[in-house]
Amino acid sequence: LESYCMAEPARDEKMDGKWKVEYTTAPPPSNGQLGPFVGIARQVIDLDTKRYSNLLIVDPNEWLSATLDATWEEWDGVF
């Protein structure tokens, strides 16, 4: 998978938008699980505002959902 990764994903316009998460090492609910419930994980990225949302949707009919909203800041490499 690493060979397919882009060099600067926080700046690449292809990352902007809504995604279905196929693989992640993130903890629940960002990985598609919440307690005993398993669903579809999605991520919405807005490069302009540096905000993203991780969504968990449980079918049928999206009867259960969870959302984690967050922002990011590019690291300048200095602690």
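The coordinates are above.
Residues numbered from 1 in each chain as written. Predicted model: local features only at pLDDT ≥ 70, side-chain atom pairs only at ≥ 80, totals over all residues. Heavy atoms only, no water.

Brief notes about the overall build of the chain
Of the regular secondary structure elements, the chain holds zero helices and six strands. For the chain, the sequential pattern of α-helices and β-strands runs β-β-β-β-β-β. In terms of principal-axis extent, the alpha carbons of the chain reach across some 40 × 30 × 25 Å. Expressed as a percentage of its 79 residues, the buried residues of the chain come to 16%. A sequence separation of at least 24 residues applies to 32% of the contacts in the chain between residues at least 6 apart. Accessible surface computed for the chain: about 6400 Å², of which carbon and sulfur atoms make up 53%. For the chain, the distance from the average site of its 7 positive side-chain charges to the average site of its 14 negative ones is 3 Å. (Helix = DSSP H or I, 4+ residues; strand = E, 2+ residues; numbered from the N terminus. Buried < 20%, exposed > 50% of the residue type's maximum accessible area, 1.4 Å probe, protein only. Contact = heavy atoms within 4.5 Å. Areas by Shrake-Rupley, 256 points an atom, 1.4 Å probe, with all protein chains shown as cover. Lys, Arg positive; Asp, Glu negative; His and termini not counted. Charge placed at Lys NZ, Arg CZ, Asp CG, Glu CD.)

Comments concerning the environment of Q43
Looking at where Q43 falls in the secondary structure, it is placed in strand 4 (residues 40-46). With relative accessibility at 23%, the residue Q43 sits in the partly exposed group. It is 15 Å that separates the C-alpha atoms of Q43 and V58, two residues lying 15 residues apart in sequence. Q43 has contacts with G17, K18, W19, V21, Y52, S53 and N54, leaving out every residue within four places of it along the chain. Here N54 takes part through its side chain, which lies 2.7 Å from a polar atom of the side chain of Q43. (Polar contact = N/O pair within 3.5 Å; in protein donor to acceptor, adjacent residues only side chain to side chain.)

Structural notes on the pairing of strand 4
Looking along a regular strand, one sees the side chains alternate between the two faces of the sheet. For strand 1 (residues 17-20) and strand 4, the ladder comprises four bridges, and the chain directions are antiparallel. The residue bridging W19 from the neighbouring strand is Q43, located in strand 4. Two strands pair when backbone bridges link them, and strand 4 and strand 5 (residues 51-58) are joined in this way by seven bridges, in the antiparallel orientation. Following the sheet pairing, A41 is matched in strand 5 by L56. Connecting strand 4 to the next strand, strand 5, in antiparallel fashion are four residues, including K50 with a positive phi near 55 degrees. (Pairing = 2+ DSSP bridges.)

Considerations on a negative patch on the surface
Side chains of E13, D16, D46 and D48 sit close together on the surface and give a patch of like negative charge. Relative accessible area serves as the criterion here: at 68%, E13 is assigned to the exposed category. (Patch = residues over 30% accessible without salt bridge, like charges linked within 9 Å, V, L, I, M, F, W, Y side chains within 5 Å. Salt bridge = Lys/Arg side-chain N within 4 Å of Asp/Glu carboxyl O.)

Focus: a nonpolar patch on the surface
A grouping of L34, F37 and W63 is seen on the molecular surface, where their side chains present a nonpolar patch of about 290 Å² in accessible area. Tracing the sequence through the fold places W63 in the loop between strand 5 and strand 6 (64-71).

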